[in-house]
Amino acid sequence: MVGLSVGEKHFIKGGIEQDLRTDGRKRYTYRPIYIETGVIPQANGSARVKLGATDVIASAKAELGKPSPSYPDKGKVLINVDCSPTAEPAFEGRGGEELSSELSVALQRCLLGGKSGAGAGIDLSSLSIVEGKICWDLYIEGLVVSSDGNLLDALGAAVKAALSNTALPKVQVASAASDEQPEVDLSDEEFLQFDTSGIPAIITLTKVGKHYIVDGTSEEESQMSSAVSVSVNRQGRICGLTKRGGAGLNPSVILDMISVSKHLSEQLINKLDSEIAAAEACEEDEF
C-alpha cells in the first residue's frame, strides 16, 4: 500500500485534472521503456522490461505434450506470474499470492482469448505438430522484480519480447500407424522463430477522478476508482479486456476507454517493436 498525505493525494488528482502529472507526463504519455532479451539462457526465450521503476521478467519454455481432446489441432499455453517478496513489502505472504493470481488470469484473458483460442493473440494452432497426438506445450512465466505501477502492461510487453526471442526446435515426425503415437526427433541445429505478429499490446487506462491515464505509477494507482486493461493487436482488433477496482463504469465510458486504447496501441506496438529489435541486435553483438 502507498501511504500518502491528504495534500499529496490532492496534488496527484489536481495534476491529472490539469493534464500535468507529478513526474511531468501528460495523461496519455508512457514512462521510458527499456527491453533486454535473452536474460535466462535455460529458457527457449526470455526478456526483461523496465517501465520507469517497474521491473519485470518473462520467460518461455516449450515442451512436447498431447493436445486437449476438445482442441486436437491446437497446442497449449500456460501463463503464470510470480511477485517477488522483495519487490514490495505488500507482496509478502497472501498479498503476493493474490496479486500473482490476478495478474496470471488477466494475462490469460488479454493474450489467449476464449478457451478455444478464438481471438487469441497467440496462435495456438501454430503449436500443433501432429493433430490429436503431439503439440508444443508453452509455459510462460512472469516475475515481478520491482513494482511501481502498471504491472500488467509491463508483463504483457515482457511476454511479447520473450516470445520474439523464442526459438522452437524443428521437429521431424516418423510415420506411424494411425492408432500409434508417432516418434519425433528434435533438431539441435534447426530452429523455428516463434511468430509474434499477432501478439497484442496491453494498454491499461486507470481512472482517477473524472479522467483516465496510461502507465500509472503506484502512487497514482492508489487514487484510482477503477482500471480497464485492453489488449489490441496490430490490426486494431480487441483481443481481450479485463477490469479491476470496485467502482462500476458506465458502458459509454468503457467504450471511450476502448477507443483511446486502440488509438494508443499503434504507437505502443511500434515502440515495443523497435525496442525489441534493438535488444536482439545488442544480444547478437554480444555473441
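Cut-offs and rules
Residues numbered from 1 in each chain as written. Predicted model: local features only at pLDDT ≥ 70, side-chain atom pairs only at ≥ 80, totals over all residues. Heavy atoms only, no water. UniProt positions renumbered as here; feature names shortened; annotations may be inferred. Helix = DSSP H or I, 4+ residues; strand = E, 2+ residues; numbered from the N terminus. Rg over C-alpha atoms; globule rule 2.2 N^0.38 Å. Buried < 20%, exposed > 50% of the residue type's maximum accessible area, 1.4 Å probe, protein only. Contact = heavy atoms within 4.5 Å. Areas by Shrake-Rupley, 256 points an atom, 1.4 Å probe, with all protein chains shown as cover. Core = buried A, V, L, I, M, F, W, Y, C linked by side-chain atoms within 4.5 Å.

An unreviewed UniProt entry lists the chain under the name Ribosomal RNA-processing protein 42, with Coffea arabica given as the organism. Under the heading Sequence similarities (unreviewed entry), UniProt records this for the chain: "Belongs to the RNase PH family."

> What is the right way to read the overall build of the chain from this model?
Within the chain, the secondary structure is distributed over five helices and 12 strands. Its C-alpha atoms give the chain a radius of gyration of 20 Å, within 12% of the compact-globule value 19 Å for 287 residues. Across its three principal directions, the C-alpha atoms of the chain cover 75 × 45 × 40 Å. Evaluated residue by residue, the chain yields a buried proportion of 46% over its 287 residues. Contacts spanning at least 24 positions in sequence make up 67% of the contacts within the chain whose residues lie at least 6 apart. Summed over its atoms, the accessible surface of the chain is roughly 14,200 Å², and 50% of this surface lies on carbon and sulfur atoms.

> Would you mind showing me how to read the UniProt feature "domain: Exoribonuclease phosphorolytic" (unreviewed entry) in the chain here?
The residues that UniProt annotates with the feature "domain: Exoribonuclease phosphorolytic" (unreviewed entry) are residues 30-169 and 198-261. Helix makes up 23% of residues 198-261 and strand makes up 41%, while its end C-alpha atoms are separated by 17 Å.

> Help me out: how do you make sense of the nonpolar core in this one?
Taken as a class, soluble globular proteins show a tendency for nonpolar side chains to be buried jointly. Counting residues in hydrophobic clusters, the biggest one holds 62 residues, and the most contacted among them are Val77, Ile122, Leu138, Val144 and Leu163. For this core, the leading source of residues is helix α3 (residues 151-164), giving 10 residues. Beyond its immediate chain neighbours, meaning those up to four positions away, Val77 contacts Gln108, Leu112, Ile122, Leu124, Leu127, Leu138 and Ile140. Membership of the second largest hydrophobic core comes to five residues, among which are Leu4, Ile16, Val208 and Ile213.

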